[in-house]
Amino acid sequence: MVKIRNLYIFLLFLFLPGMFALSQRKILAGVVKDAHSDEPIPFASLQFSNTTVGKLSDSSGKFEFNLSQWPSDTLEITCVGYQFYKLYVPPGRDSITVDIIMERGTFNEGASVKTKINKGLFLWRKIVQNKSRNDKFRFQNFSYEVYNKLELDIKNFDFQKLSKLKPFKPVTDIINSSIDTTEGFPFLPAYLTEAISDYYYQPKPLRRREVIKAVNTNGVKNESMIQFLGNMDQNVSVYGNFIPVMNKQFVSPASDNGDAYYNYRVVDTQVVNQNRYYHLVFTPKRRGENTFEGDCWVHAGTYAIQKMNLRLGTDANVNYLETLSLIQEYRLLDDSTTWFLAKDKFVADFTPMGKQRIGFIGRKTTTYRNIIVNDSSVVNELNKNKLIEEVITLPEAARKAKDYWTGARHEELSKNEKSIVRMIDTLTNSPEFQNFTNALSFVGTGYLNVGNFQLGPWYNWVSSNSWEGFRIRFDLGTNHKFHKKIWWHTYLAYGFKDQKLKGKAELFFLPAKHPRTYLYGSYTNDLDFGQYYYGEVTSDNIFTLAIRKSGIPVKFMKIDEKRFEFFHETKAGFSTLIETVHKDFEPLKNIPPKDSFTVESGQPLNTFELSLRLRFAYLERFLESHFFRASLGSPYPIPEIRITQGIPGIGKSAYSYTKVSGSIRDFVKLPPFGSIEFLIAAGKTFGTVPYTFLDIAPGNEIYYYNKYAFSLMNKYEFIHDKYAGITFEHNIGNGLFRFIPKLKFRQFYTIKSLWGSLTDANKALNFKHGYDFETLDGRTYLELGTGIDNIFKVLRIDFIWRVLPTPLPKESNRRFGVFGSFRLTF
C-alpha cells in the first residue's frame, strides 16, 4: 500500500511542471473584420512586433495564438487594402478574445515588380473566359430560398443640442435613452425589416417569379415597400459587365472590357481545403469614372470568383455616399464543381448634408439556400406566370409569429439587431416621437396630419400676383385614418386685390389597388395656374415670386371646371381612363376675352368633353402611399393615346370637335455613356374652336427650368390644331468634368423641337387684334441646350439657345437664356 502511494507521489511530481506550464499558456483569439461592412477579412497577416511569431487569419477571418509566453506586447495586423493596425497585448493577461476592426486604406500600396507577364491581367482574362462556366445565369433554370435583411439608422444627430429646445425635450428624452453607440458614434435605429421568399428564374424564354412568404417590418411601414424587399430588384451578379449602384451603372471588375477601366494585380495565393485561391486586387485606371476599387479571391481550377469585395472610390461621381461596400460570396454546391451565389452584403453611409452632419447608414444582407438548378419543378412554378415577371406576396406574409422567424431565419439576429428591434418598437409607439416625426414631415412635404385630417401644403398658403394681389389659401383633406378607400380634399383661396373667393373640392374612391381601379370627381373655380400641360412648377406658390421673367405680360385665365374620372388598370400594365369634363373659361388679362367669340347656342368658351385615354406601361413599378403612387418607371417604352370629343348642348357647352393625340416616352440607360430620356408627342384637332380648346404649345415664363416646356417660349405664344414634337435629353455623366473629378459636376445636352400648323378657319377665329397669337405654319421650332448638373449636389444650370424659327418675332429678341432647377439624385 505504501509502495502504491509513493508511486502516486512520484507521478504527481513528474507531471506537475507540465500541468503548471499548461495552466500558464497564453491564448489570443478573435476575428479580423472590416470596419465598414463588418465582414471578416480572410488571410490577414498577424505578427508580434520585432519577432518571427505570426500567422494568417483563416478564410473566415478567425485566428488563435496558443503560446507559452507573450513574444511582445504588440500585435501588428496588415492586409492589402487596409490601414496598418496595432493591438496592445497586456502582459498580465493569460487569455484574450478580441474583434480586430480594420479601417480601409488604399489598394495601391506595395512595391512595383517588373515582370514579362502581368499576372493580374492574365487572371482577369481567365475570369472573363470562364464566365459561361461560373455565372449563375448560365443555367437553364434555377430557384432558391432567399432571406433579405435591411436596416436603416440615423447617425450624427446631435440630440443633446436639440434637447435644449423646449418643444423637443419630450422626444429627445426618449431618443437619448434609445441611442446605440456600438459603432463608436451614436446612431438612432429607424428601420429594420426581414423578408423570406422563393425565387424562380429561367433565361429562355425569360421568366421570373418571386413568392414572398414572410415579412417582418420594424419602423416605418409602407405596404408598397414589401415588393422591394424580395430579390426581384436586387438580382446582381459580379460577372455582369455593369453593376447598379443607386441609379447608376458601374463597370464591373469582371467586365468583358474591364482592362480598359482597371489595373489588376495578384498579391497572394492561399490553399483552403486543398483548393488553391488567388488574391486579385483591382484599382481604377482613371479618377472620377464609374468604377470600383477592391479585391477578390479566385479559385485556381475553375477561375470562379469565391468572394468579391467592392468599394466606391473616393472620386466616384455619386452623391451623398460617404462610403459603400458591396460583397458577394459564392460556394460550391453538392456536386463540388458548381459554384453558386451564397451571400450578398451591401453597406452604405449616406451623408446628404456633409460628413459630420446628420446622415444614414443602410445595411442589406441577403443569403441563399435550398438552391435547385436545371429542374422541372422550377419550370412548373414559372408556368404559373401570366407575365414575364411576377411578384406574389402571400396573404399572411406580414403576420408571421415570432416562433416562425426563429426557425426560418437563415442566420440569427445579432445581439445588436435584437436591441434595435426593441428600440424601434419603443420609439414608434411613443406619442411624443410620433408628434416629432409628424412635425418633420410637415416641414419636408408641406403636409400635416391632425387626427383623421390633413392640412397643407404650407407653401401654397401665401402667394402674390398682379391680378389677385396678395393671395391666401387654406387646404383641408383627409388621410387614411378617415377612410381606407375614400379621400377628399378642398381648399379656399382669396385675393385681396380682386376680392374674389376661389376654391376646389375633390373626392377620390379607391376600391382596388392591385390592379388599380379608382373613381375621381372634382369641382374647381380658380385661376388656371398650370396652363393644363405637364408642369413642374405652378405659379400659385411662394417660390415663384422671385423667379419670373421680366417684361413678359402675365396672362390670367379663370376656369370653372367639373370633372369625373374612371380609371382601370390590368396586371399587364394596360390602363383605361374615361373622363367627362365640363369647362367654362373666363380670360381675365392679356388674352382674348370671352366676348370676342360668338356662338349660335350656349356660351362662348364653354365646353363639355368626353375623353378616352389608353396607356400601356409594361412592368411599371410604383412607390405607393395609401391613396396615391409615384411611378418608378418601366424597362420598356410607355405609349399613350387620347381621344377627346367635344359635345355641344350640355351645361351651355357650345362646341363640337374631336381631338386625337398620342405620345411615347422612355428612359434608357447606356452605360458607360450615361442615360437618355425622350418624349415624342403628336396630335390633331378636328373642328373650328377657340384657342382654349386647341393645342397650346407649353411655354415657360419663369427662370426655373421645366423639362416639359419650351424655355424661350411664352405661354399662349403658339397655338395649333395639328402638331408634333420631341423632347430629348442625354445625361452624359461627368463628361468633360472628369478632368476635374473633385467638383463632381455632370454634363448633359437637350433638344426640344416642335412642328405645328393651324387651319385658316381657326386662324380667322382666334387671331384677334391686339393679341399676339402665332402659329408655326409648318416651320420648325427648335431649342438646343447644355449645362452643368450636380452643382453642390442639387443645382442644375441650363444654357438654352432658341435656334428656330428665324427670324424671331418683332417683339422678341430671346435667342438665349439661363435657367436653374433643383434635382435630388444620386
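Keep in mind it's a predicted model, so treat the numbers as computed, not measured.

What counts, and at which threshold
Residues numbered from 1 in each chain as written. Predicted model: local features only at pLDDT ≥ 70, side-chain atom pairs only at ≥ 80, totals over all residues. Heavy atoms only, no water. Pairing = 2+ DSSP bridges. Helix = DSSP H or I, 4+ residues; strand = E, 2+ residues; numbered from the N terminus. Axes fitted to C-alpha atoms, helices over the stretch in contact; angles between N-to-C directions. Expected span 1.5 Å × (residues − 1). Buried < 20%, exposed > 50% of the residue type's maximum accessible area, 1.4 Å probe, protein only. Arc of directions from axis to C-beta. Contact = heavy atoms within 4.5 Å. Salt bridge = Lys/Arg side-chain N within 4 Å of Asp/Glu carboxyl O.

A.B. asks: How would you sum up the sheet that holds strand β7 (residues 95-102)? Please name residues and give values.
C.D. replies: Across the sheet, three strands lie side by side as β4-β1-β7; this open sheet has mixed pairing. At either end of the open sheet lies a strand with only one pairing partner, and these are β4 (62-67) and β7. Adjacent strand axes in the sheet meet at a mean angle of 20° when their direction is disregarded. Relative to β4, strand β1 (residues 26-34) runs antiparallel, the two sharing six bridges.

A.B. asks: Let's hear about helix α8 (residues 415-428): which residues, and what values?
C.D. replies: Between its first and last C-alpha atoms α8 spans 20 Å; for 14 residues at 1.5 Å apiece the expected length is 20 Å, and the two agree. Of the residues making up α8, those classed as buried are Glu417, Ser419, Ile420, Met423, Ile424 and Leu427. Looking straight down α8, one finds that the buried residues subtend no more than 155° of arc, so they occupy a single side. Relative to its buried face, α8 has exposed residues pointing more than 90 degrees away, namely Lys415 and Arg422.

A.B. asks: How would you explain the side chain of Ser675 if you had to name every residue and give the values?
C.D. replies: Looking at where Ser675 falls in the secondary structure, it is placed in strand β35 (residues 675-686). Here Ser675 is in contact with Phe667, Val668, Lys669, Leu670, Glu729, His730 and Asn731, once residues within four sequence places are set aside.

A.B. asks: Kindly report on the pattern of salt bridges, identifying the contributing residues and their values.
C.D. replies: Two side chains bearing opposite charge may form a pair once their charged atoms approach each other closely. As enumerated under the stated definition, the model contains 45 salt bridges in all. With its nearest N and O atoms 3.0 Å apart, the salt bridge here joins Arg471 to Asp526. Here Asp526 lies in strand β27 (residues 517-527) and Arg471 lies in strand β24 (residues 469-478), a separation of 55 residues in the sequence. The two residues Arg471 and Asp526 agree in class, both being buried. We note a salt bridge from Arg563 to Glu565, for which the minimum N-O separation is 3.7 Å. Through salt bridges with shared partners, one network takes in Glu39, Lys307, Glu329, Lys343 and Lys345.

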